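Structure at a glance
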Amino acid sequence: MKKNLNRAVCAGAALALVGTTVVVGANAASAAPKQTIGFSPIALSIPALKGLSMGVQHVGEEMGYSTVILDPNFDPIKQAQQLTQVINSGKINAGWVLSVKPQANAKAAKLAQSKKVPLVLNGVPADYGFKGPQKGLSFARIDYGKVGAAMGATAGQCVNEKLGGKAEVIFLTSQAGTAGREEQDAATKKWLASTAPGATIVQTIEVKDRAGAQKDIAAALQAHPNVKVVTGGADEGALGALSAFEGAGKSLPCVTENGGNDEILAAVKSGKIYAAAALQFEADLMQTFAELGRLLKTPTAVGKLMSVPVKVIKS
């Protein structure tokens, strides 16, 4: 199963999921399964999350579940509407939600509680307006401070090793309202400054997708042609940076990021990316299904506070 799961999680490009709701899985085509798991990521246009959706389908099939995949495409209002629809209609018995903006899904989370539809939500209870653990709701928090520290420290190490301790830096951040943005950004900046005091952030760019990041970074290079370091942000920002520098005919010796899809890991291996704080999607997938299985047996049981595993991978 693990070999097949690895393929499913990593082979995101092989699956073309479009629209808002797609029912998938071998069980869906034959007999109606007893229970259905819903998965709502931030956006399926992110390769790692598209691959993760395949992992959800595969594991669901292995465990006898049907799966419903939602695609809000970075839109928090759309995500809340989709969740409300599938919960109210009874299309899902439980769900895994990677919220675009957690506060936008607060009502959907309370609706799920009232309908006894267990959810695993990214973040912590306070992100959704709750105080402490909740019945029927579990929370899987990315340790944004740890991720940010890894990006900042490794960026500083690269500056010291390859650039003599001094460098201009483009700092990538996620969209406003994204869970953990402030904590992650603060940790990245803190560890960059402490590891390489001679590194200076000359521009901050908010990243939504790869194409946008490439365009914005290319424009930033016009104003700051001496930049040699890009840090912060996820896979799409880092890949956009590589393309922007390549298009400008400039070298980019120091890139550090978080995420870790196949393309990123290949770039780390080849030396194009110095380090990635790689979220361990397979481990998180398995712990999420285990928790959803527990809550499906007792929907009023108090949920857990979990953490998404992270591994720092360097070139």
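What counts and how
Residues numbered from 1 in each chain as written. Predicted model: local features only at pLDDT ≥ 70, side-chain atom pairs only at ≥ 80, totals over all residues. Heavy atoms only, no water. Helix = DSSP H or I, 4+ residues; strand = E, 2+ residues; numbered from the N terminus. Buried < 20%, exposed > 50% of the residue type's maximum accessible area, 1.4 Å probe, protein only. Areas by Shrake-Rupley, 256 points an atom, 1.4 Å probe, with all protein chains shown as cover. Core = buried A, V, L, I, M, F, W, Y, C linked by side-chain atoms within 4.5 Å. Contact = heavy atoms within 4.5 Å. Phe/Tyr/Trp six-rings, centres within 6.5 Å; stacked < 30°, edge-to-face > 60°. Expected span 1.5 Å × (residues − 1). Pairing = 2+ DSSP bridges. Axes fitted to C-alpha atoms, helices over the stretch in contact; angles between N-to-C directions. Right-handed = clockwise from strand over helix to strand, strands pointing away. Salt bridge = Lys/Arg side-chain N within 4 Å of Asp/Glu carboxyl O. Polar contact = N/O pair within 3.5 Å; in protein donor to acceptor, adjacent residues only side chain to side chain. Parallel < 35°, antiparallel > 145°, perpendicular 65-115°, else oblique. Left-handed = near helix turned anticlockwise from the far one by under 90°. Nonpolar A, V, L, I, M, F, W, Y, C, P; charged D, E, K, R; others polar.

**So, the overall build of the chain**
Along the chain, the regular secondary structure elements total 11 helices and 13 strands. Buried residues in the chain amount to 51% of all 315 residues. Summed over all atoms, the accessible surface of the chain reaches about 13,400 Å², with 53% contributed by carbon and sulfur.

**Things to note about the nonpolar core**
Counting residues in each nonpolar core, the largest one holds 34 residues, and the members touching the most others are Leu52 and Trp96. Those elements that place two or more of their residues in this core are β2 (36-40), α3 (47-62), β4 (94-97), α6 (144-162), β11 (275-279) and α11 (281-297). For Trp96, the residues in contact, after removing those within four places along its chain, are Gly38, Phe39, Ser40, Leu52, Val56, Val120, Asp284, Leu285, Thr288 and Leu292.

**Here's the deal with the packing of aromatic side chains**
Tallied over the full model, the rule gives 4 aromatic pairs. Relative to Trp96, the ring of Phe39 lies with its centre 5.0 Å away and its plane at 45°, an arrangement referred to as tilted. Taken together, the residues Phe39 in strand β2 and Trp96 in strand β4 connect sequence positions 57 residues apart. Given a relative accessible area of 0%, Phe39 falls into the buried group. Taking the relative accessible area as the measure of exposure, Trp96 reaches 2% and is therefore buried.

**Some words on α6**
Relative to the 27 Å expected for 19 residues at 1.5 Å per residue, α6 spans 27 Å between its end C-alpha atoms, a close match to the ideal helical length. Trailing α6 by a residue or two, Gly164 shows a phi angle of about 70°, which is positive.

**Describing the sheet that holds β11**
By way of backbone hydrogen bonds, the strands of a sheet pair with one another, either parallel or antiparallel. Overall, mixed pairing links the 6 strands, which are arranged β8-β7-β9-β10-β11-β13 in an open sheet. Among the strands making up the open sheet, the edge pair consists of β8 (198-206) and β13 (310-314). Averaged over neighbouring strand pairs, the angle between their axes works out to 20° when direction is ignored. Relative to strand β9 (residues 227-232), strand β7 (residues 166-173) runs parallel, the two being bridged by 5 bridges. Considered in β9, the bridge of Phe171 is made with Thr231. Sitting on the sheet, α6 touches β7, β8, β9, β10 (254-259), β11 and β13, and the angle it makes with β10 is about 165°.

**Here we look at the pairing of β7**
For β7, the buried fraction is high: 6 of the 8 residues fall into the buried class. Where β7 lies against β8, 8 bridges are found, and the strand directions are parallel. Bridge pairing in β8 places Lys166 opposite Gly198. Taken together, β7, helix α7 (residues 181-195) and β8 constitute a β-α-β crossover, and its handedness is right-handed.

**Observations concerning the pattern of salt bridges**
For the structure shown, the criterion picks out 6 salt bridges. The partner of Glu291 in a salt bridge is Arg294, and the shortest N-O contact between them spans 2.8 Å. Here Arg294 and Glu291 lie together in helix α11, a separation of 3 residues that amounts to about one turn. Taking relative accessible area as the criterion, Glu291 reaches 2% and is therefore assigned buried. Judged by relative accessible area, Arg294 falls into the partly exposed class, the value being 28%. When the shortest N-O distance is used, the salt bridge between Glu291 and Lys304 registers 4.0 Å. Of this pair, Glu291 sits in helix α11 while Lys304 sits in the loop between α11 and β12 (305-307); the two residues are 13 residues apart in sequence, bridging distant segments of the chain. Connected through shared salt-bridge partners, Arg141, Asp143 and Glu183 make up one network.

**Digging into the environment of Asp209**
Within the secondary structure, Asp209 is located in the loop between β8 and α8 (210-223). A C-alpha to C-alpha distance of 5.7 Å links Asp209 and Glu236, two positions 27 residues apart in sequence. Within the structure, the side chain of Asp209 is placed 2.7 Å from the backbone nitrogen of Gly212, a separation counted as a polar contact.

**Remarks on unusual backbone geometry**
A positive phi is found at Asn73, a non-glycine position, where the angle reads about 55°. Since its relative accessible area comes to 40%, Asn73 is described here as partly exposed. Here the phi dihedral of Lys116 falls at roughly 60°; this positive angle occurs in a residue that is not glycine. Along the chain, Lys116 turns up in the loop between α5 (106-115) and β5 (119-122).

**Here we look at the packing of helix α9 (residues 235-247) against helix α10 (residues 262-270)**
Where α9 contacts α10, the axes come no closer than 10 Å and their chain directions differ by 50°. Comparing their axes, α10 and α9 come out oblique. Every pair of crossing elements has a handedness; the one defined by α9 and α10 is left-handed. Contacts between α9 and α10 involve Asp235, Ala238, Leu239 and Leu242 on the former and, on the latter, Glu263, Ile264 and Ala267. Across the contact of α9 with α10, the residue classes break down as 5 nonpolar, no polar and 2 charged.

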